[in-house]
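Each chain, letter by letter, is given below.
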Amino acid sequence: MAELIGVRFRNVGKIYYFDPDGAKLRQGDRVIVETSRGVECGEVAMVNRSVSEEEIPQPLKKLIRVATREDLARLAENAAKEKNAYQICARKIEAHKLEMKLVGVEYTFDNSKILFYFTADGRIDFRELVKDLASVFRTRIELRQIGVRDEAKMLGGLGICGRPFCCSSFLGGFQPVSIKMAKEQGLSLNPVKISGTCGRLMCCLKYEQEAYSDLLRSTPPVGSLVSTPEGRGVVNEVELLTGVLHVRLEGSAEGSTKQFRVRQVKVLRAGKGKRLSQDELDKLKTLEKN
């Protein structure tokens, strides 16, 4: 068995594991560790835990130290520098007439590099911008293009539900979300109603998908020919959560349906459900992009 701790470098982000090197830490403690980007200051998200050798992620680097007052002062100083760097970079982008939107700035803990995060519709030639910024800050400069979902995660805000964005409050990473999920959950396929502030499909479509998928396996889709206690008919509408089917019986008037529970009917021929036209699918596909 070996001991490790989990460290997070952003408010809501991936947890990375380190050897505590004998130190006993509490959740929320600030620590100094070495990562692929160099020396960084992070927050303990998982306290000391013993795990088997097979479960230890490799390579497992050791804790350098618990953050000192001087380290915390440097963090505050870096935060102030980031605000100033943001203003300077925004002006430089405008001067170079580049079609890009600056989202955030991050100084590495040791000030060896500054990262500028931006969004853009396509590829941007920012070589001259990098040279310009390097001449101002006299350090390594990295411009990193991110997607609109990452932008929402970094900036935060309120969703249409009135609560803080899931991605900026508790989601460690993005899960794949598809139009198929919205369709199976019986939601309106109006892009305005199923997309978040970022303009992509809402992350919360993923939360209940497993339950809907389970119900769909035992529920006949729209268009199915079924046998009911009152005769044969075709399923016109499905209430998935309540298990109620609206069935138009053979010989009944146009638009006239009767309600039956799923357990009351027997499927004679499965339907294919409601299908979207190719034009509708093409319009909705853009919502699945990152």
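Residues numbered from 1 in each chain as written. Predicted model: local features only at pLDDT ≥ 70, side-chain atom pairs only at ≥ 80, totals over all residues. Heavy atoms only, no water.

Q: Please explain the overall build of the protein chain as it appears in this structure.
A: When helices and strands are tallied, the protein chain shows eight helices and 13 strands. Against the globule reference of 19 Å for 290 residues, the protein chain gives a C-alpha radius of gyration of 27 Å, more extended than a compact globule. Its C-alpha atoms give the protein chain principal-axis dimensions of about 80 × 55 × 30 Å. Counting over 290 residues, the protein chain shows a buried share of 33%. For the protein chain, the share of sequence-separated contacts (at least 6 apart) that also reach a separation of at least 24 residues comes to 56%. Carbon together with sulfur atoms contributes 49% to the accessible area of the protein chain, which is approximately 17900 Å² in total. (Helix = DSSP H or I, 4+ residues; strand = E, 2+ residues; numbered from the N terminus. Rg over C-alpha atoms; globule rule 2.2 N^0.38 Å. Buried < 20%, exposed > 50% of the residue type's maximum accessible area, 1.4 Å probe, protein only. Contact = heavy atoms within 4.5 Å. Areas by Shrake-Rupley, 256 points an atom, 1.4 Å probe, with all protein chains shown as cover.)

Q: Would you take a moment to explain the sheet that holds strand 8 (residues 140–145) for this structure?
A: The pairing of strands in a sheet comes from backbone hydrogen bonds and takes either a parallel or an antiparallel form. Reading across from one edge, 6-7-8 is the order of the three strands in this open sheet, with mixed pairing throughout. Edge positions in the sheet fall to strand 6 (101–107) and strand 8, since each has one partner strand and no second. In this sheet, neighbouring strand axes are inclined to one another by 20 degrees on average, regardless of whether the strands run parallel or antiparallel. Bridge count for strand 6 against strand 7 (residues 113–119) is six bridges, and the pairing is antiparallel. (Pairing = 2+ DSSP bridges. Axes fitted to C-alpha atoms, helices over the stretch in contact; angles between N-to-C directions.)

Q: Can you walk me through the pattern of salt bridges in this structure?
A: If the charged atoms of two oppositely charged side chains come close together, the side chains can form a pair. Scanning the entire structure with this criterion turns up 20 salt bridges. The partner of Asp 132 in a salt bridge is Lys 92, and the shortest N-O contact between them spans 3.5 Å. Of the two residues, Asp 132 sits in helix 2 (residues 127–137) while Lys 92 sits in helix 1 (residues 69–95), which places them 40 residues apart along the sequence. Each member of the salt-bridge network shares a partner with another, and the members are Arg 10, Arg 37, Glu 40 and Glu 106. (Salt bridge = Lys/Arg side-chain N within 4 Å of Asp/Glu carboxyl O.)

Q: How do you make sense of the packing of helix 1 against helix 2 when you look at a structure like this?
A: Helix packing for two helices is described by the angle between their axes and how far apart those axes are. Relative to each other, helix 1 and helix 2 sit at 145 degrees, their axes nearing to 10 Å. Here helix 1 and helix 2 pass one another in a crossing that is right-handed. Counting all contacts with helix 1, which are made through Ala 85, Ile 88, Cys 89, Lys 92 and Ile 93, the residues of helix 2 involved are Leu 129, Asp 132, Leu 133, Val 136 and Phe 137. When its residues are assigned to classes, the contact of helix 1 with helix 2 shows eight nonpolar, no polar and two charged. (Left-handed = near helix turned anticlockwise from the far one by under 90°. Nonpolar A, V, L, I, M, F, W, Y, C, P; charged D, E, K, R; others polar.)

Q: Where do I start with the nonpolar core in this structure?
A: Buried together is how nonpolar side chains tend to be arranged in soluble globular proteins. Membership of the largest hydrophobic core comes to 17 residues, with the highest contact counts inside it found for Phe 116, Leu 133, Phe 137 and Leu 143. Secondary-structure elements contributing two or more residues to this core are helix 1, strand 6, strand 7, helix 2 and strand 8. With four residues, helix 1 is the largest single contributor of residues to this core. Ignoring sequence-local partners within four residues, the contact set of Leu 133 consists of Cys 89, Lys 92, Phe 116, Ile 141 and Leu 143. In terms of nonpolar packing, the next biggest core, distinct from the first, is built from nine residues, Ala 182, Ile 194, Leu 284 and Leu 287 among them. (Core = buried A, V, L, I, M, F, W, Y, C linked by side-chain atoms within 4.5 Å.)

Q: Looking at this structure, how should I read the sheet that holds strand 1 (residues 2–8)?
A: Taken in spatial order, the five strands make up an open sheet running 2-1-4-3-5, and their pairing is antiparallel. Only two strands of the sheet have a single neighbouring strand rather than two, namely strand 2 (15–18) and strand 5 (65–66). Bridge count between strand 3 (residues 30–35) and strand 5: two bridges; the pairing is antiparallel. By the bridge assignment for strand 5, Val 31 is matched with Val 66. The sheet strands contacting helix 1 are strand 3, strand 4 (38–51) and strand 5, and the helix crosses strand 3 at an angle near 75 degrees.

Q: How should I be thinking about the packing of aromatic side chains in this particular structure?
A: Note on aromatic pairs: each is described by the distance of the centres and the angle between the planes. Under the counting rule described, the total for this entry stands at five aromatic pairs. For the pair Phe 9 and Tyr 16, a centre-to-centre distance of 5.9 Å together with 50 degrees between the ring planes defines the contact as tilted. A residue is classified by how much of its surface remains accessible, and Phe 9, at 24% relative accessible area, is partly exposed. Here the aromatic rings of Phe 118 and Phe 126 are separated by 5.7 Å at their centres, their planes lie at 80 degrees, and the arrangement is edge-to-face. A residue is classified by how much of its surface remains accessible, and Phe 126, at 23% relative accessible area, is partly exposed. Positioned over the ring face of Phe 109 is Arg 74, at 5.2 Å from the centre of the ring. (Phe/Tyr/Trp six-rings, centres within 6.5 Å; stacked < 30°, edge-to-face > 60°. Lys NZ or Arg CZ within 6 Å of the ring centre and 35° of its normal.)

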